[in-house]
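# Report on the structure
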Amino acid sequence: DTRRNLLTIGIQLNDLVGKKFMIGEVLVEGVELCDPCGRPGILSGKEDVRKGFKEAFENRGGLRVRVLGKGEIHQGDELRLEE
């Protein structure tokens, strides 16, 4: 409902801006951080979503990435930095 494509745990997203990394078989590049906004609430019809995100994830809304390769991502795949 909130259009979050991937959920990470224990990852410092700030450190991934400008870096290439693998998620499963897919090569991506961190483009920019994104703060929690109202768009997920509008799209899901649940306007209070932003409040919940803002309280739980202040200044940690996510990371926009550029997909650089094809492949599959599965639940439980690890994120690996490219050397």
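Residues numbered from 1 in each chain as written. Predicted model: local features only at pLDDT ≥ 70, side-chain atom pairs only at ≥ 80, totals over all residues. Heavy atoms only, no water.

### Focus: the overall build of the protein
Scanning the protein from N- to C-terminus turns up two helices and four strands. In the protein, the order of α-helices and β-strands from amino to carboxyl end is β-β-α-α-β-β. The proportion of buried residues among the 83 residues of the protein is 23%. With an accessible surface of roughly 6500 Å², the protein has 47% of that area assigned to carbon and sulfur atoms. (Helix = DSSP H or I, 4+ residues; strand = E, 2+ residues; numbered from the N terminus. Buried < 20%, exposed > 50% of the residue type's maximum accessible area, 1.4 Å probe, protein only. Areas by Shrake-Rupley, 256 points an atom, 1.4 Å probe, with all protein chains shown as cover.)

### Overview of the pattern of salt bridges
A complete count under the given rule lists two salt bridges for this structure. Of the charged contacts in the structure, one is a salt bridge between Glu29 and Arg66, with a shortest N-O distance of 3.2 Å. Placement of Glu29 in strand β2 (residues 26-34) and of Arg66 in strand β3 (residues 62-67) is noted, with a sequence separation of 37 residues between them. Between Glu32 and Arg64 there is a salt bridge, with its nearest N and O atoms 3.2 Å apart. Residue Glu32 is located in strand β2, and its partner Arg64 is located in strand β3; the two are separated by 32 residues in the primary sequence. (Salt bridge = Lys/Arg side-chain N within 4 Å of Asp/Glu carboxyl O.)

### Some remarks on the environment of Met22
Note on placement: Met22 falls in strand β1 (residues 20-23). Exposure remark for Met22: the relative accessible area of 14% places this residue in the buried category. Taking C-alpha positions, Met22 is 9.7 Å from Leu68, a pair spaced 46 residues apart along the chain. Apart from the residues within four sequence positions on either side, Met22 is in contact with Leu27, Glu78, Leu79, Arg80 and Glu82. (Contact = heavy atoms within 4.5 Å.)

### Overview of the pairing of β1
Looking along a regular strand, one sees the side chains alternate between the two faces of the sheet. The pairing of β1 with β2 spans four bridges and is antiparallel. Within β2, the residue paired with Phe21 across the bridge is Val28. In sequence, β1 turns back onto β2 through a hairpin of two residues, with Gly24 there showing a positive phi of about 60°. Where β1 meets strand β4 (residues 79-81), three bridges bridge the pair, whose relative direction is antiparallel. Residue pairing across strands places Ile23 opposite Leu79, the latter belonging to β4. (Pairing = 2+ DSSP bridges.)

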